[in-house]
Amino acid sequence: MRNTTKEKEAPLAARLRPSTLEEVVGQSHIIGKDKLLYRAIKADKISSIIFYGPPGTGKTTLARVIANTTSSEFTQINATAAGKKDMEDVINKAKDTLAMYAKRTILFIDEIHRFNKGQQDYLLPFVEDGTIILIGATTENPYFEVNGALISRSVIFELKPLSNDDIKELIRRAVYDKEKGMGSFDAEIDDDAVEFLAELSGGDARHALNAVELGVMTTDRSGDGKIHITLEVAEECIQKRRVLYDKNGDNHYDTISAFIKSMRGSDPDAAVYYLAKMLYAGEDPAFVARRIMICASEDVGNADPMAITVAVSASLAVERVGMPEAQIILSQAATYVACAPKSNAAVNAISSATDEVVRSGNLPIPPHLQDAHYKGAQKLGRGTGYKYAHDYPDHYVEQQYLPYELTGKTFYEPSWNGYEAKIREHMKKLKNRDVKE
């Protein structure tokens, strides 16, 4: 009776958790019918597993599905609250179950990254001898946060943020399902409200479902006796206003265009404004990071060679950190690129060189630049006469590098901006000096 009451009073996101694989929404890359995890669950042949992914993507859900389908004992603890005594109790019970009933125990540890090294080490021998089958769930990269020995004995499954379509399906299930959802409240949700909540959830089902529950529970019935979850209600429940930004529409391309042009135009204020607009509206931070990297080479180039380093580092950091902190990293990279001196000489260089390749075709490489290391190369004159630059003053010597047909051709012309001015002066000094061989 108590458990039944607890289930009814549990948050919507908890009540909607599926009990079978067929009810699971999303994550088809690991639980599609031809995938290893699907087959293992169906066959009840689970080995130790670590589920890794952002909040609200179904890590606990998959553990519950395993609990409902396995013939093994299933025990759950949370690493934020459990101590060594709790683990000792689980292990002792697992040993008894294995000895008396020949049944193994599946131990699900939520937020396993919260366990320290000593706690993780304690589990290792019992995972190794089969006393327990470990299922860990973590939002942190397990290769950094979980004991390497446990990692080597487990299969890592990475869960991805749910797609908008997945979230929409869950929202509608939440509103209309009378058994697990809120169907008994006789509520209806508008399509634009569904779209908005799915967009703003950022792939986190729990975030969207909490907003749905709040909307149904706090909205008065209309004249027709129904509870109507409109766009305005959805905006209020998720406490975030809608931004006119359709990731598949013109406004998406207009905004990213304005963002790039603001960085190119050396306006950090405009760049960070459009960055904020995109992130607020739910744009993928990885997409923004890619655009910053492109701009760092296309519009800054060698005028500030550090720009591409900052941009690439930011992209990697965004991937590892995630939102909301990733917005700070993106802001740093975008403002750096915006403030950097500009040059598109690298763009012009590759464009001109490509045009020349298309025009002149497969011109022969000068023999002295060809590989001299393979058998018979010297007899064919390969590499003969090559001058090793480091044997000469300033580590430079004049010789033909381009095909002879392109002698004197210039593709890269450094600008006078930033560091490229130094490159320009350096190259001029090298080519104009008297060379003594």
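Residues numbered from 1 in each chain as written. Predicted model: local features only at pLDDT ≥ 70, side-chain atom pairs only at ≥ 80, totals over all residues. Heavy atoms only, no water.

### A look at the confidence of the model for the protein
Regions with low pLDDT should not have their predicted coordinates read in detail.
In step 1: Of all residues in the protein, 91% attain a pLDDT of 70 or more, and the chain-wide mean is 86.
In step 2: Least confident of the elements in the protein is helix α1 (residues 2–9), whose mean pLDDT is 49; most confident is helix α18 (residues 326–339), at 95.
In step 3: Taken as a whole, residues 1–6 scores under 50 in pLDDT and shows zero contacts with residues more than four places along the chain or in a different chain. (pLDDT = per-residue confidence, 0-100. Helix = DSSP H or I, 4+ residues; strand = E, 2+ residues; numbered from the N terminus. Contact = heavy atoms within 4.5 Å.)

### Structural notes on the nonpolar core
In step 1: Ile 171, Ile 189, Leu 197 and Val 212 are the most contacted members of the largest nonpolar core, which totals 32 residues.
In step 2: At the level of secondary structure, the elements contributing two or more residues to this core comprise α2 (12–15), α10 (164–176), β6 (187–189), α11 (191–200), α12 (205–218), β7 (227–229) and α13 (231–238).
In step 3: Filtering out sequence-adjacent residues up to four positions away, Val 212 remains in contact with Leu 12, Ile 171, Ala 174, Val 175 and Leu 197.
In step 4: By size, the runner-up hydrophobic cluster in this structure holds 28 residues, among which are Leu 275, Met 278, Ile 292 and Leu 330. (Core = buried A, V, L, I, M, F, W, Y, C linked by side-chain atoms within 4.5 Å. Buried < 20%, exposed > 50% of the residue type's maximum accessible area, 1.4 Å probe, protein only.)

### Some remarks on the packing of aromatic side chains
In step 1: Here the structure, examined in full by the defined rule, presents four aromatic pairs.
In step 2: With centroids separated by 6.3 Å and ring planes inclined at 40°, the aromatic side chains of Phe 51 and Phe 157 adopt a geometry described as tilted. Of this pair, Phe 51 sits in strand β1 (residues 49–52) while Phe 157 is found in strand β5 (residues 155–158), placing the two residues 106 residues apart along the sequence.
In step 3: For Phe 51, a relative accessible area of 0% puts it in the buried group.
In step 4: Plain terms: the ring middles of Tyr 273 and Tyr 274 are 5.2 Å apart, the flat faces sit at 75° to each other, and that makes the pair edge-to-face. (Phe/Tyr/Trp six-rings, centres within 6.5 Å; stacked < 30°, edge-to-face > 60°.)

### Description of the packing of helix α15 (residues 268–280) against α18
In step 1: Their axes nearest at 9 Å, the elements α15 and α18 cross at an angle of 150°. By the angle class used here, α15 and α18 are roughly antiparallel. Helix-helix and strand crossings are classified by hand; for α15 and α18 the assignment is right-handed. Taking contact as the criterion, the partners of Pro 268, Ala 271, Val 272, Leu 275 and Leu 279 in α15 are, on α18, Gln 327, Leu 330, Ser 331, Ala 334, Thr 335, Ala 338 and Cys 339.
In step 2: Of the residues assigned to the contact of α15 with α18, the class counts are nine nonpolar, three polar and no charged. (Axes fitted to C-alpha atoms, helices over the stretch in contact; angles between N-to-C directions. Parallel < 35°, antiparallel > 145°, perpendicular 65-115°, else oblique. Left-handed = near helix turned anticlockwise from the far one by under 90°. Nonpolar A, V, L, I, M, F, W, Y, C, P; charged D, E, K, R; others polar.)

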